[in-house]
Amino acid sequence: MLKMIKDIHPRTPVTSVRRDFSTPELRRAFPLELVATLVGMSPSFVRTVLNHREDTVPLRDVLALLDQDAFAETFIPRSRIPDWLLQRTSQRVVGKQKSMSLPDDHCLIQGCATSLIPRLPASSVQCVVTSTPYWGTRLYEDAFMVSWADGERCPFGNEQTPEAFVRHALELLYLLKPVLTPTASIWWNLMDTYNTRTQIRRNASETLRAMRGEDERGWNDHDCRRYSAGHSYLKDGDQCLIPAKVAERASRIGYHVKSMITWKKDGSMPETVGSRVTRELEYVIHLSVDRTPLFNKGAYLRIPQGLGGRNRTYESEKLTDVWCFQTSTGRDGHGAQFPIALPGRCIALSTNENDLVLDPFVGAGTTVVAARRLERRCIGFDISDRYLRIAQRRVKGLSTDLPREAVELPLLEGLP
């Protein structure tokens, strides 16, 4: 699979929305909610722009919306929206996939999140906690080629531009909306990336060895490299501001952005750059379906520190948007997992006992472990059989009192 992964050249494509459409194409109408999502506007604002109260929007009006100053890209580039809509409605529907069964405790499912999320029952998930791959920072041996709605085909995190990565994150958030309960929350962990020329390595230990001068490989000896030239505005060394862009676009597809939380780590990776400060944080974007989601704020003071309760060394009794957790050791073989306190806090704040938690990039299973300790049900998706078996062992080690089906892999599917 690594041989299929391309070097990253962040060249912004030069494209235009303009082409001639036939009269039948211009008359074809699409659901208002979908059009509003694609143009980054609320349905009420779309109605204001078009001066009508219909629940559908013909293509000629979609073209007018694309010319509005208020237009903003979400998960389809402006130039592709008309053809994407036309192709989407012309494709024959072969039948909806059967919804997956929900667990009494937990289950781990092998497969791609874009294929598995739509199979969850509607309004079934109370809380999503996940740490997705970051853009252009790591090679995964089990990387899976995904065909995205914007036309790109690549593993998540290996996009050619930061904008494509943001689009793909938004596509996942769009897929999640129907499966969330009305009071649900999403906690989306992200780190930003600098637009620099660098080798993309498999894990943090490889990076540390390189910084110590212990890696004798040259530039061309690496499986994948990231370049920095060719972007429409990002210069070499610029911070890409990816988390803020994901949060803004999430708002444009209908989510409420409750908080941009700073996860202040107790240590950071060394950086060789001498022209800026060293990073010591990541972000957790808190999104909700409703303005007032379920939020158990008092849980912050009730649960143990190891499960996300107050860090008495660095945090006050007031729950703020700066969270202080230790970094994970990665000793379970994943190397990029968050500490159990992070999903533990998110789950405790936004769920009640026996609610369903989802991690669509479950990796070594930290979210599942936190959910089971808090007596919540949990589903985890991942493409890696190796990571899922690590997660299975971790959950099995929680307690011998867990029911038998909770310590086995109830549903392990082949990659779609």
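Residues numbered from 1 in each chain as written. Predicted model: local features only at pLDDT ≥ 70, side-chain atom pairs only at ≥ 80, totals over all residues. Heavy atoms only, no water.

As for the overall build of the protein
If you tally the helices and strands in the protein, you get 13 helices and 14 strands. When the 416 residues of the protein are sorted by exposure, 52% land in the buried category. Taking the contacts inside the protein whose residues are at least 6 apart along the sequence as the reference set, 73% of them involve residues at least 24 apart. (Helix = DSSP H or I, 4+ residues; strand = E, 2+ residues; numbered from the N terminus. Buried < 20%, exposed > 50% of the residue type's maximum accessible area, 1.4 Å probe, protein only. Contact = heavy atoms within 4.5 Å.)

A word on helix α4 (residues 59-66)
For α4, a buried count of 6 out of 8 residues is recorded, marking the element as mostly surrounded by other parts of the structure. What α4 keeps buried is the set Leu59, Asp61, Val62, Leu63, Leu65 and Leu66.

Remarks on the sheet that holds strand β11 (residues 281-288)
With mixed pairing, 8 strands are arranged side by side in an open sheet as β3-β14-β13-β4-β7-β11-β10-β12. Two strands close off the open sheet at either side, each with one partner strand: β3 (106-110) and β12 (322-325). Ignoring which end each strand starts from, the neighbouring axes of this sheet average 20° apart. For β3 and strand β14 (residues 377-382), the ladder comprises 5 bridges, and the chain directions are parallel. Residue isoleucine 109 lies in a different strand from β14, and its bridge partner there is phenylalanine 381. Helix α7 (residues 162-176) rests against β4 (125-131), β7 (180-190), β11 and β13 (356-359) of the sheet, and its axis sits at about 155° to β7. (Pairing = 2+ DSSP bridges. Axes fitted to C-alpha atoms, helices over the stretch in contact; angles between N-to-C directions.)

Some points on the packing of helix α11 (residues 341-350) against helix α12 (residues 366-373)
Contact pair α11 / α12: the axes reach a minimum separation of 8 Å and the direction vectors enclose 45°. Classified by the angle their axes make, α11 and α12 are oblique. For α11 against α12, the interelement crossing comes out right-handed. Along the contact surface, α11 presents Pro343, Gly344 and Ile347, while α12 presents Thr366, Thr367, Ala370 and Ala371. Looking at the contact of α11 with α12 residue by residue, the class counts come to 4 nonpolar, 3 polar and no charged. (Parallel < 35°, antiparallel > 145°, perpendicular 65-115°, else oblique. Left-handed = near helix turned anticlockwise from the far one by under 90°. Nonpolar A, V, L, I, M, F, W, Y, C, P; charged D, E, K, R; others polar.)

Details of the environment of arginine 60
With respect to the secondary-structure elements, arginine 60 resides in helix α4. For arginine 60, a relative accessible area of 47% gives the class partly exposed. In this structure, arginine 60 is in contact with Leu26 and Arg27, ignoring residues within four places of it in sequence.

Some details on the side chain of glutamate 315
With respect to the helices and strands, the residue glutamate 315 is situated in the loop between α10 (299-302) and β12. Those residues within four positions of glutamate 315 in sequence are excluded, and the remaining contacts are Tyr300, Gly309, Arg310, Val322, Trp323, Cys324 and Arg345.

Here's the deal with the packing of aromatic side chains
A complete count under the given rule lists 7 aromatic pairs for this structure. The interplanar angle of 10° and the centroid separation of 4.9 Å between the aromatic rings of phenylalanine 156 and phenylalanine 165 together place this pair among those described as stacked. Its relative accessible area of 1% is what places phenylalanine 165 among the buried residues. Between tryptophan 187 and tryptophan 323 the ring centres are 5.9 Å apart and the planes differ by 35°, which places this aromatic pair in the tilted class. Residue tryptophan 187 is located in strand β7, and its partner tryptophan 323 is located in strand β12; the two are separated by 136 residues in the primary sequence. For the residue pair tryptophan 187 and tryptophan 323, the accessibility class agrees, reading buried in each case. Over the ring of tyrosine 255 we find lysine 177; its NZ or CZ atom is 5.5 Å from the centre of that ring. (Phe/Tyr/Trp six-rings, centres within 6.5 Å; stacked < 30°, edge-to-face > 60°. Lys NZ or Arg CZ within 6 Å of the ring centre and 35° of its normal.)

Here we look at the side chain of aspartate 192
Turning to its location among the elements, aspartate 192 is positioned in the loop between β7 and β8 (198-199). A distance of 2.8 Å separates a polar side-chain atom of aspartate 192 from the backbone nitrogen of leucine 241. Setting aside its immediate chain neighbours within four residues, aspartate 192 contacts Gln239, Cys240, Leu241, Ile242, Pro243 and Arg279. (Polar contact = N/O pair within 3.5 Å; in protein donor to acceptor, adjacent residues only side chain to side chain.)

Examining unusual backbone geometry
The phi torsion at leucine 241 lies on the positive side, around 60°, for a residue other than glycine. With respect to the helices and strands, leucine 241 occurs in the loop between β9 (225-226) and α9 (242-252). The residue asparagine 354 is not glycine, and still its phi comes out positive at about 75°. Topologically, asparagine 354 is positioned in the loop between α11 and β13. Taking the relative accessible area as the measure of exposure, asparagine 354 reaches 44% and is therefore partly exposed.

Observations regarding the nonpolar core
The biggest cluster of nonpolar side chains holds 78 residues, and the ones touching the most others in it are Leu173 and Leu176. No other element matches the 7 residues that α7 contributes to this core. Dropping the residues within four chain positions of it, leucine 173 is found in contact with Ile186, Trp188, Val246, Ala250, Ile253, Tyr255 and Leu287. Formed by 33 residues, the second largest nonpolar core is a distinct cluster that contains Leu108, Cys127, Leu307 and Ile347. (Core = buried A, V, L, I, M, F, W, Y, C linked by side-chain atoms within 4.5 Å.)

Take it as geometry only, folks, not as evidence of what the structure does.
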